[in-house]
Amino acid sequence: MKNQMDYGLSWLKFLPDQPSMTAKTPLEAAHAELAQMEGLHVDVQLEPALGDGFSIEKRGDGYLLRGGETGVLYGAYRAMMAHAAGQNVPEGEDAPYYALRMLNCWDNAEGDIERGYSGRSLFFEGGRFAYDPARIRQLARMLASVGVNVICINNVNVHNPAHKLIEEEWLPQLAELAAIFRPFGVRLMLSIDYAHPMRHGVATADPLDPEVQRWWMERADIVYRYVPDLAGFLVKADSEHRPGPFTYGRTHADGANMLARALAPHGGTLVWRCFVYNCMQDWRDTATDRPMAAYKHYAYLDGQFEDNVILQIKNGPFDFQVREPVSPLLLAMPKTHLALEFQLAQEYTGHQIDIYAMPPMWKEHFADMPPSCVQAIAAVSNLGRDDNYTGHPFAAVNLFAYGLTAWNPAAEPDEVIRLWCRLTYGLHGAQEDALHALLMGSRRTYEKYTAPLGLCWMVEPHGHYGPSPMGYEYALWGTYHKANRDAVGIDRTESGTGYTAQYPEALRTRYENLETCPDLLKLFFHRLRYDYVMDDGRTLIQRIYDDHFEGLEEAKEMARVLAALDLPEPDRAVAAERMERQLRNAREWCDVTNTFFYRLSGVKDAKGRTIYD
Ligand code: GCU
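Residues numbered from 1 in each chain as written. Predicted model: local features only at pLDDT ≥ 70, side-chain atom pairs only at ≥ 80, totals over all residues. Heavy atoms only, no water.

Chemist: I'd like a description of the site of the ligand, backed by residues and values.
Modeler: Neighbouring the ligand are the residues W106, E114, R115, V156, N157, K236, E240, R273, F275, K314, D319 and E347. Within the side chain of E114, an N or O atom sits 2.4 Å from an oxygen atom of the ligand. At 2.7 Å, a side-chain N or O of R273 approaches an oxygen atom of the ligand. Across the complex, the protein chains shield 96% of the 320 Å² of accessible surface that the ligand would expose by itself. Considered class by class, the residues forming the shell around the ligand number three nonpolar, one polar and eight charged. (Near = heavy atom within 4 Å. Polar contact = N/O pair within 3.5 Å; in protein donor to acceptor, adjacent residues only side chain to side chain. Areas by Shrake-Rupley, 256 points an atom, 1.4 Å probe, with all protein chains shown as cover. Nonpolar A, V, L, I, M, F, W, Y, C, P; charged D, E, K, R; others polar.)

Written out as structure tokens, the structure is:
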């Protein structure tokens, strides 16, 4: 078995040991972790009323940390990270903005991970639990150090035999796993199969059927006997062929409330995903516009959910594309508890081969969706069994930043990324500046060489890496751009599909009008001719060409910067090898996209660069 230090602990590298084997509570874990820190003295005082919160005060040569049951551990990590980064230990009070800060793993019981790019599952293999307890403890430390407090360990698409997670055969092992996470204040959550009762002789999964209701009540009683602090269930229903209440003519409030009532006596939360759309669309059908689906299915149900239901909504109305506007549903349900869902797994953003730091993208999101619109936050995990947990060592910045953003949505991307660089690599001066700038710009670069200006979906179908401008054009998924020789995009304004009407007035008018719709989202909302003149005076077609050539050049520059960074092994070698693949990918995207639009439009590049016929 590997020594724990063989596993890249990313930003926690400064903690030499894994001291917390015996810790049973976050307080004990805090003491054990603090004991390792040279040159930092922190007295810890438990004040249960503070919950997840804490306060830090200077006392003589050291500090006094007061915190709630989990707050003491969060405060300890905060102080240690600042100290390790050579910053002042932050004094004063602090508490998380969101009470639930969730990580959703899409791990299958067979050991593969849906949309996983970091190796196989940390939890399962061959249809059963299979994990290294020491490694899970490391994972728990990483999560706790950035404040993540719930981990859902299995895929929202519950494939056989993952349903056993809530059955007696697997529950003792689930309890053991929960016990590893518990001292770090991390609670487990489970994805469940909405139609699970039908595996046990119940004739239906109708949420209004008393037998179904009884089955779930009893099931919840059993599960909580093994894991009394289970955070709850996560459900993907009536989505991409998953079963759900629609089969019985019931609403999603009926379905969610039925499950929530079973969890309520145990203090559990029912998280219900709103990723519901017609995934069998006929491309000839122009009446259906996929981004409108979630709002249509849920907005009218506002106020009809039990108190312990949380509706989990993806950040954009499509599906984790490089650039999407805020999902209008997030702004439309003030009387319902909502969770915002981000995706750390780089499904559409480079598969953890291409460098893509997400915090700047999240900041844009929060500019249009005030954090108070939602009461919880979730992210699809980018973790796996690779030694460094995230495939590309730099992809860890997204998990780190996610935790800090869930704690404080106003966190500055700039500072968070700088802190990660400092803690992970201890670089200084120009070296640190270079890595920081490389990460800060990485999303824009990726955006430039892939689908242009909010268009989405020009990606290779199924795998979602690499270009395929027509790959989704005649498919069932409702993902069309309708490029022809004159124009590209879908008109989603009042004169088109009417999607813009789903937004509150300020956003509606901004997106509705070409003059105010930002250039980077123009092709999400509008159908434009190639000779349309953008805000910056260039024609649309020239802007597409320019962005793609620029994106490729920027990727080359990233490669040069990367090569000059003084990174430790094995990170240097892993990053260098992935950079080569990123360059090939960037070149492919650039050439395929430019050629595609050139062949359609016949318009030459004004700057005479090579576009292939
Ligand atoms: C995307 C992704 C699927 C996933 C789904 C979801 O469509 O490609 O693999 O199951 O999102 O969020 O449920």
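After that view, the rundown keeps rolling.
Chemist: Now, about a nonpolar patch on the surface: what can you tell me, with residues and values included?
Modeler: On the surface, a cluster of nonpolar side chains totalling about 310 Å² of accessible area is made up of W283, M470 and Y474. Of note, Y474 is situated in the loop between helix 11 (429-449) and strand 15 (487-488). (Patch = residues over 30% accessible without salt bridge, like charges linked within 9 Å, V, L, I, M, F, W, Y side chains within 5 Å. Salt bridge = Lys/Arg side-chain N within 4 Å of Asp/Glu carboxyl O. Helix = DSSP H or I, 4+ residues; strand = E, 2+ residues; numbered from the N terminus.)

Chemist: Requested: an account of the environment of A573, with residues and values cited.
Modeler: Here A573 is to be found in helix 15 (residues 571-601). Judged by its relative accessible area of 35%, A573 falls in the partly exposed class. Each C-alpha atom of the pair A573 and A563 lies 9.9 Å from the other, and the pair is 10 residues apart in sequence. (Buried < 20%, exposed > 50% of the residue type's maximum accessible area, 1.4 Å probe, protein only.)

Chemist: Residues and numbers for the pairing of strand 13 (residues 338-343), please.
Modeler: Of all six residues that make up strand 13, six are buried, and the element is covered over most of its length. The two faces of strand 13 match: L338, L340 and F342 on one face and A339, E341 and Q343 on the other face are all buried. Pairing of strand 12 (residues 309-314) with strand 13 involves four bridges; the strand directions are parallel. Bridge pairing in strand 13 links Q312 to A339. The sheet contact formed by strand 13 and strand 14 (residues 376-380) spans five bridges and is parallel. Residue L340 lies in a different strand from strand 14, and its bridge partner there is I377. (Pairing = 2+ DSSP bridges.)

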